[in-house]
Amino acid sequence: MLGWEIDAMMAPHLKVVHPADPPSEPLPTLRDIWREVLQPRKRREGIKRDTEAFYRRALDAWDGFLQSSPPGGPTRLTQCQALSQINAQALQAYQDYLVEQQTGARTTNLHVMCIHSILKAHAEQSGVHGVPARPPELKEGKAPKLYFSREDVSALYEACEIAIWPQRGAEGSLLTYAPAAGWRFLICWWFNYGMRTQELYGHKPDARPILWRQTTWEQVNPSEAGQAVSDHGWLWYTPPKQERHKDDDLVLPLTRITRAHLESIRPTHGADEGRPLLYWPRGYDQFRRQWHAIVEAAGVQAKPNLKTGKRPKLLPKHFRKTATTWLNVHRRGIAKYIVGHAEERAADSKVIAGGESEVSETYYDNQENAVLEALTSFPQPTAFERVFHAARPRQLRLF
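Residues numbered from 1 in each chain as written. Predicted model: local features only at pLDDT ≥ 70, side-chain atom pairs only at ≥ 80, totals over all residues. Heavy atoms only, no water.

Participant: Can you walk me through the packing of helix α8 (residues 179-193) against helix α12 (residues 318-330) in this structure?
Facilitator: Relative orientation and spacing of two packed helices are given, respectively, by the angle between their axes and the distance between those axes. Taken N-terminus to C-terminus, the directions of α8 and α12 make an angle of 50 degrees; their axes are 6 Å apart at the nearest point. Relative to α12, the element α8 is oriented oblique. Taken together, the residues of α12 that come into contact with α8 (itself represented by Ile187, Trp190, Phe191, Asn192 and Tyr193) are Phe319, Thr322, Ala323, Trp326 and Leu327. (Axes fitted to C-alpha atoms, helices over the stretch in contact; angles between N-to-C directions. Helix = DSSP H or I, 4+ residues; strand = E, 2+ residues; numbered from the N terminus. Parallel < 35°, antiparallel > 145°, perpendicular 65-115°, else oblique. Contact = heavy atoms within 4.5 Å.)

Participant: How should I be thinking about the sheet that holds strand β1 (residues 215-216) in this particular structure?
Facilitator: An order of β1-β2-β3 is seen for the three strands of this open sheet, with the pairing classed as antiparallel. Sheet topology places β1 and β3 (250-253) at the edges, where each strand pairs with a single neighbour. Both strand β2 (residues 234-237) and β3 contribute to a ladder of four bridges, which runs antiparallel. Bridging across to β3, Trp234 finds its partner in Pro253. (Pairing = 2+ DSSP bridges.)

Participant: How do you make sense of the pattern of salt bridges when you look at a structure like this?
Facilitator: Where charged atoms of side chains with opposite charge meet at close range, the side chains can pair. Inspection of every chain in the model, using the stated rule, returns 13 salt bridges. A salt bridge links Arg56 to Glu52; the shortest N-O distance between them is 4.0 Å. Here the residue Arg56 and the residue Glu52 both occupy positions in helix α3 (residues 49-67), the gap between them amounting to four residues, near one helical turn. A relative accessible area of 40% means that Arg56 is categorised as partly exposed. Between Arg134 and Glu137 there is a salt bridge; the shortest N-O distance is 3.2 Å. Taking the relative accessible area as the measure of exposure, Arg134 reaches 32% and is therefore partly exposed. For Glu137, a relative accessible area of 55% translates into the label exposed. Residues participating in the shared-partner salt-bridge network are Arg31, Asp60 and Asp63. (Salt bridge = Lys/Arg side-chain N within 4 Å of Asp/Glu carboxyl O. Buried < 20%, exposed > 50% of the residue type's maximum accessible area, 1.4 Å probe, protein only.)

Participant: Sorry, what's going on with the confidence of the model for the protein here?
Facilitator: Keep in mind that low pLDDT regions are not for reading the predicted coordinates in detail. Confidence in the prediction for the protein averages 83 pLDDT; 79% of positions are at 70 or higher. Low pLDDT, under 50, characterises residues 342-360; the stretch is placed with 31 contacts to residues that sit more than four places away or in other chains. Within the model, the stretch residues 391-399 combines pLDDT values under 50 with 27 contacts to residues more than four positions away or in other chains. (pLDDT = per-residue confidence, 0-100.)

Here you go:
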């Protein structure tokens, strides 16, 4: 009797595969159906490049969804990998995942529509009857302008001492700083510059977080159009969401506070210029859980909604509104030059507030000195001074 036959008798619940049998073909994935079926069809129909890119982003988000875990359960990879497993409940869970990732209502609706279109193309191509129903579209509307007080920011900063993630970097090696130092760096830079989460922590496959080579200790503005001098150096990056309208680098001065926090996470052996400032493991679930633990430890809460009485969740994206709010309180109108809101270039000489034309503002007025003055004099939460209270290199593990 052959060995595989004995194994089959002893474990009849196992699938028996004869050694001579050819290996089974891998089951097609959503990305396979997109590349082999729907994408060629869409290209014949003249699909726009932006629309094609949206399908790719929806699939990247789906991959992130598969790697995520519902509370108390295994990753969804085992539940939704096969096309036959993707039902209405899976699409609803995908939508919920996107919302949890702070994806806007319009983008969430488009992502779900893309995945549903791929499923529909698979059904038409393979003769499968029935396509899972799409969840109801989210209502689009302006999000409430929640922002943190300086006292809130200090409380969040102090609460970072409870952070236990991440201990290791993206490649598994132990970080040279404690988790609290990384989170305090994030809070400091979010407050001062209003960056989006993915511009500092690349938790999505298509994210392009700021790299070490995009910072310099040199004092003169590195921009070809810059002449301002910052005592603490500069950083530059192009916010991905504004590239379609304006692909110029946003060049910003480092300040006494922001540079100190950057140095607190600089690897002791020297930074690899091609790596992100935060070389953390990819995956939003752990990041989200650690953030909410910090918020809870800080005791910071949003006020209840006047109509529903529910308190909205406080999320990292609210730092973008925080930075915009406090920068404009400090120097009215300066925030858009620092936070980097995506605005299309002026097409005419329409007059803006203060009597200046949009053409003048867009093409001629260099705001580098105004930005430098605003950021270097920007009042900081008192807790940020903690970064100076311990001497290097021990401070990295004291945080």
